[in-house]
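Each chain, written out:
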Amino acid sequence: MNNDPQNGQPKREEVCPGKKDKVDLASATAEIQKKNGPEFWRSLEELASSSEFKEMMHREFPKGASEWLDAVSRRGFLKLMGSSMALAGMTACTRQPLEPIVPYVRQPEGLVPGRPMFYATAFTLGGYATPLLVTSREFRPIKIEGNDRHPASQGGTDVFAQASLLDMYDPDRSQNVIYMGDISTWSTMVGALQGPLSAQKTLQGAGIRVLSRNFSSPTLADQMQRFQKAFPSAKWHFWEPVNRDNVYEGARMAFGQPVETTYDLSKADVIVSLDADFLSAGFPSTTRYARDFAARRDPDSEKMARLYVIESTPSATGAKADHRLGVTATEAGDLARTLQNMMSSPPGSAVPANSLYTLVTTNDQARLLSFLNALADDLKRSRGASVVIPGDHQPPVVHSLAHAMNAALGNIGKTVFYSDPVLANTANSNDSLKELVADMRAGKVDLLVILGGNPVYDAPADFGFADALKNTNIPVRVHLGLHQDETAELCHWHVNEAHYLEAWGDTKAYDGSVCIVQPLIAPLYNGKSALEVTAFLAGQSQANGYEVVQNYWKTKQSGADFDMWWRKSVEQGWIDGTTAQPKQVSAKSGNSAATSSSAPANGEIEINFRRDPSIYDGQFANNGWLQELPKPMTKMTWDNPLLMSPKMAEQVKVQSKDMVKVDLNGKSLDLPVWIQAGHPENSVTVFLGYGRRRAGRVGTEAGFDVYPLRYSATPWIASGKVTKTSGTYILASTQGYQTMDVGDDHRPIVKTENLEEYKKEADFEGEKPQDNETLYNETYHQAIAQKEAYAWGMTIDLNKCVGCNNCIIACQAENNIPVVGKDQVNRGRHMHWLRVDAYFQGDRDNPKAHFQPVPCMQCEDAPCELVCPVGATTHSTEGLNDMIYNRCVGTRYCSNNCPYKVRRFNFYLFQDWDTSQFKMMRNPDVTVRSRGVMEKCTYCVQRITHKRIDSERENRLIADGELQTACQQSCPANAIVFGNISDPKTEVSKFKAKARNYGLLDDLNTRPRTTYLAEIRNPNPELEKGSS
Amino acid sequence: MARPTEVEPGEQKAPVIQPGHTFASITEKIGAIVLKRPIMGGWVFGMFICFLILQWFLFAVCWLFYKGVGVWGVNIPVGWGFAIVNFVWWIGIGHAGTLISAILLLLRQSWRNSINRFAEAMTLFAVACAGMFPIFHLLVWDVFAVTTYLTISLVFWFVGLIPDLASLRDQTSNKALKFIFGSLAMGWRNSVRHWNRYETAYLLLGGLATPLVLSVHTVVSFDFSVGIVPGWHTTIFPPYFVAGAIYSGFAMVLVLAIPIRKFYGITDFITMRHLENSAMVMLATGWIVCYGYAFEAFMNWYGGDPYESFLRWNRLHGPYAWSYFLLLFSNLVVPQILWFKKIRTNPVWLFFISLDVLVGMWLERFVIVVVSLTRDFLNSSFGQYYPTQFDWAIFIGTLGFFAACMFLFMRVLPAVSISELKVLLPQAEVKVEHHEAEVHQ
């Protein structure tokens, strides 16, 4: 790589001594290098159309051809020809295989053109699987949904799983094996590594190091063992920036061994979250937890669950809490200790103030104590039906306290279950990486293989991983990754990884059940999976992922019926009988839980590092859907501002969008501020994953990289200083106003009541005219609705909605919704057909938060239809408010007149009409909209039509539940119900008949077909008394 | 033709035309502007500036067509921005011309005769400016309303021009000009039969144009009041819009008349009487507009609708409160000094008050269109509107287009109606009394 050393990139000579290029391609390479990293692939494409390159292609022999006779540079010439051909291939959209191919005259079995097929597979994040059912159209995966038969999903998904589809089609994905910045091939690399590997063989592999992410795949674990058998002295390290070290450490502290803790929220009457955001994507099994939690939040059921949340950063989980306490993360730990002390005393007995740990006394002690007392009483009243969930980022001691509390409350085996760890690695990944860096610096490493992950970007700052990688003499460094990211840049070899939708594999869900990962499509760029690379390292140079996985399972499932068994497992998506069995664990004696945590030093405040709700640890940085996904609480897109409380902002004298300087461990970083109602004082939160240098055209330079402030000793909770600096920064939030109070008026947009009031009297409908007072009365509307066989309607249960945003991504994937970029979001032109509004009510320091998903209301008396001069939006007989794109001339009056502002306008040509990958990704049933056209939610009319065709062929009506909109399907909480309201027996009709049902802004007489079920909170009466 | 009835015996008012003019001197003086007057540096400079603005405008429009309306500041929730504001503003300005030519014609307000020509031209150009916006923006109703208006205005203007074109044809010695003016004059020979038909046609057209004064802006206001957006959905809009249109239209007439009469030395024809009358029309329509403001605010409160009352709150306290207060200041407070005759008869004061009213009326449209949209029903969808450089380019560009058209018009056509002015002369009066026939020359 002829990089400018000032950029911190290695010189070619540095990395590979003796390699001096003489060919003309060097100038081309230099051309590419001039561009900054992220534009790398774009540049290659641009280069491919540059005149020099055309000329190079046009000449019969490249300029270097005269070197043919020169024995020394013949290799150079061959290499040049090779790269020429590779580059030439890039200009074509699709690649024809070399072998003769035959179009199908008879269609393949099962494939009906125009009909979707569904394949089970699984998405893995942090080692935990989300079982999936992927929709395939003509062998192209176009939509990801949860596997409804698997207990970890039950049809729901999370945003990361949904959006991973876009990752596969990402045009910035690494498309070739790269050697020193030049395109190479897998077989070249295999050949090149033979030497070093056989040299290591004699050393027992003492110089080989493998660094992988956390994984749970049994096959990969087996390959890892095979590799270690082949190279006994080699070491395998793990690094995961958003890791579960604390969880396993906590278990070790409590039980002496790492265990997996899972919760059954369907049986929990009282749920306590100790800084655990268990309803947001990224928490293992959030999908299942959200479903169980939502099911227990039905106010019409016998017993509605109650949720207490003690949290350090406002989260979706906190928003759903009946009682939320915003404290710093260290205080949360101290409150956990206090709570644990209270467990031993009988219910009702007040615990004296001095049992609170010292730190929290700085806060409002009386309030905290009464809160904890009420909470402890409530827990003790619900023995065996309660659960205490600690947050992954809380220190191990809090986890061990939670284990102790759950044990004291008799929850083990009822709501809390222990089993063997899901992850293949339970060792501390922090220590693991530290050891690796030490070895690298000690010169013990001769061959480093980085299997996925991006440690150069996300390793703890104090390890200096990037520096160690760059400046120590590791002769061969290999990186496997989906992108040519920051780590790939510092490695000799980069292998383009196969996306999980392209490769075979297996993985475990939170309950330990093994899911088979089956590919939906042949690797787009001939990528290799981690399994294949490991198999190669272990000695199988021609390993094929399918065989590796199958061979492994053959050892587990012997017998003649393997093929049947395999077929069944692949088809259903998981292997029967692999669910982890509950494990008996006994508490270790000498629990050291009583030690108090250290408070931030004087003048310092707590700085919390958290996984980003949208782009996780940064691995989704180049995913436009996720970048533009408004974060649950802030509705922020494309950025990671520092969150602080309103009071703290007053102290620091900043407003949202002002810049502050964060000083931590002698390093400082400038970040923009976002004032977040409900954020605890003396604490700020920053989110990981932004500020990528080489993410791709979407993610590069979006937001701020906070990893340089993240140290191995304080990965989640650190302390530092925040001071105001000059300047402001543009932050693109999608929501205008996050309160329901405007002017001197309160608007009941989200209607809410307490359970007690609700049981006494429920009235959310508001005053309606009597039938004889208006021409457009109920009878009139019912007659219209019942004239047709179908009248589509939807209810959204605000009580169930956990604000996870999954519906937004599902809608985006289903309906080909474009990504518009930060600037356009900032101008108010984001295109989401479905948005989730978040409102805060009450005290700014501890507000109540509400979520409200807003799709098109499909009004019966739609204001938009009236004002369209060209009839581009009209009413269907089934009650849909249809858009006819061809007619739309773009007056935008419909949007002006829509009181819900759910219409979206293509101000520019937002759709990417050129990138061939995106063409493959799109749902062929949905029009790709052009510039100047209005669009909006259609209730997934394409799905209705599919089902209508099916049902008409069978001469029946569409059955209730047969048809799901994309948002409804994806909802982990089952908050969205869609169906035919002309039939009173359907689920949606039953929901609409509930007392909680109300129409948003129905005083405008728009008669929305989408209605809401009011939010009912279930507060602890004791605490209610205290607060009022 | 409107008769210069009873030239107000013994009146103290400024005359409609300065004494001492004859038929010949009028033809000579007005015709000379077109035919003899050399092109002056001022004209060239002004035209050059307008031309530059016009180029900027063309660039902005091309870019707009190439990239899409995204180049504007419009968004969700503010789907309409400057384009609609400007459209309503321009079309309102056009109204004064039609009012002067048609309604005052029918009402036999003879003083209109010296300002109707350029007021009509103003209408034509303003409507052309306005008409561009529906094209950029695509609003179908407006296209119908505007094209009707444009057609009638053009025909009306052209018919009025025919005798003057004939005068120019007869005056000029240049062959080419003779041909052009001759063709445009369509064989006008000044015969009594011609005059008879001309008068009938002119009256008929006046009758046709009169309802347009009311209907065009009523249709435009319906564009808004048909919506449910608070601030749009009100029944007061049609009269309120029409009054506002005439208000701003007369302001524009004054803004044009004052410099024109000064630079082209036609203070004899456009006298203080015209200026004062226009000022009084402004004062009257200004009060109608203010009545509209008052009743809008009253109904917001009296109606009891929470969204309407929030609208009032938002106008007074929201992020765009400045625009509402500036509007009240410009349209309600400043014009009140027109009660003083001294101000009314001072061209400098009138000029600046008229500019102020134009700004105020533009702001009124901004408050109605944009501010109402920024915050309507759902708090989550509240937004802001930031005009981009293309919004400004197209707004200022239409001003440039308008000014360029006026510059050209001043040079190539008689800015004051020669034939109609002659009617105002005492000589014409005498003839009418003697012969009781419709002979004018």
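What you see is a predicted model, and the numbers here were worked out from it, not measured in a lab.

Caption draft 1: Seen up close, the nonpolar core. Formed by 400 residues in total, the largest nonpolar core has its most connected members in Leu-274 and Ile-389 of chain A together with Val-253 of chain B. Among the elements that line this core, the one with the most residues is helix α8 (residues 237-263) of chain B, at 17 residues. What Leu-274 of chain A contacts, discounting residues up to four positions off in sequence, is Ile-310, Ala-332, Ala-336, Val-388, Ile-389, Pro-390, Gly-391, Gln-394, Val-398 and Ala-402 of chain A.

Caption draft 2: The arrangement of the environment of Ile-180 of chain B in detail. Residue placement: Ile-180 of chain B occurs in helix α6 (residues 175-185). It is 8.1 Å that separates the C-alpha atoms of Ile-180 of chain B and Arg-169 of chain B, two residues lying eleven residues apart in sequence.

Caption draft 3: Structural context of the interface of chain B and chain A. Each partner contributes to the interface: chain B provides 33 residues, whereas chain A provides 41 residues. Elements represented by at least two residues in the side of chain B that touches chain A include exactly α5 (140-171) and α10 (306-317) of chain B. Tallying contributions element by element places α10 of chain B first for the side of chain B that touches chain A, with six residues.

Caption draft 4: Structural detail: the sheet that holds strand β23 (residues 667-675) of chain A. All names here are of chain A. Here six strands make up a closed barrel; going around it, the order is β19-β24-β21-β23-β22-β25 and the pairing mixed. For this sheet, the mean angle separating the axes of adjacent strands, direction not counted, is 45 degrees. Examined bridge by bridge, strand β22 (residues 658-664) and strand β25 (residues 717-728) share five bridges and lie antiparallel to one another. Paired with Val-662 across the two strands is Val-722, which belongs to β25.

Caption draft 5: Up close: helix α7 (residues 186-202) of chain A. Residues and elements named next belong to chain A. Spanning 17 residues, α7 covers 24 Å between terminal C-alpha atoms, matching the ideal 24 Å at 1.5 Å per step. At Gln-194, α7 shows its strongest bend, of approximately 35 degrees, with the proline Pro-196 following within four residues. Of the residues making up α7, those classed as buried are Met-189, Leu-197 and Gln-200. Elements that come into contact with the buried residues of α7 comprise β4 (177-179), β5 (182-184), β6 (208-212), β14 (447-451) and β16 (493-496).

Caption draft 6: Representation of the packing of helix α11 (residues 321-333) of chain B against helix α13 (residues 347-374) of chain B within the structure. Residue and element names in this part refer to chain B. Orientation of α11 relative to α13, taken along the N-to-C sense of each, is 145 degrees, at an axis distance of 8 Å. Judged by the twist between their axes, the crossing of α11 over α13 is left-handed. Residues Ser-323, Tyr-324, Leu-326, Leu-327, Ser-330 and Asn-331 of α11 lie in contact with α13, whose contacting residues are Asp-356, Val-357, Val-359, Gly-360, Met-361, Leu-363, Glu-364, Phe-366, Val-367 and Val-371. Here the residues of the contact of α11 with α13 are counted per class, giving ten nonpolar, four polar and two charged.

Definitions and limits used
Residues numbered from 1 in each chain as written. Chains lettered and ligands numbered in written order. Predicted model: local features only at pLDDT ≥ 70, side-chain atom pairs only at ≥ 80, totals over all residues. Core = buried A, V, L, I, M, F, W, Y, C linked by C-beta atoms within 7 Å. Buried ≥ 20, exposed ≤ 12 C-beta atoms within 10 Å, placed from the backbone. Helix = DSSP H or I, 4+ residues; strand = E, 2+ residues; numbered from the N terminus. Contact = placed C-beta atoms within 7 Å. Pairing = 2+ DSSP bridges. Axes fitted to C-alpha atoms, helices over the stretch in contact; angles between N-to-C directions. Expected span 1.5 Å × (residues − 1). Bend = angle between axes of the 7 residues up to and from the residue. Left-handed = near helix turned anticlockwise from the far one by under 90°. Nonpolar A, V, L, I, M, F, W, Y, C, P; charged D, E, K, R; others polar.

Any functional reading would require information beyond the geometric quantities listed.
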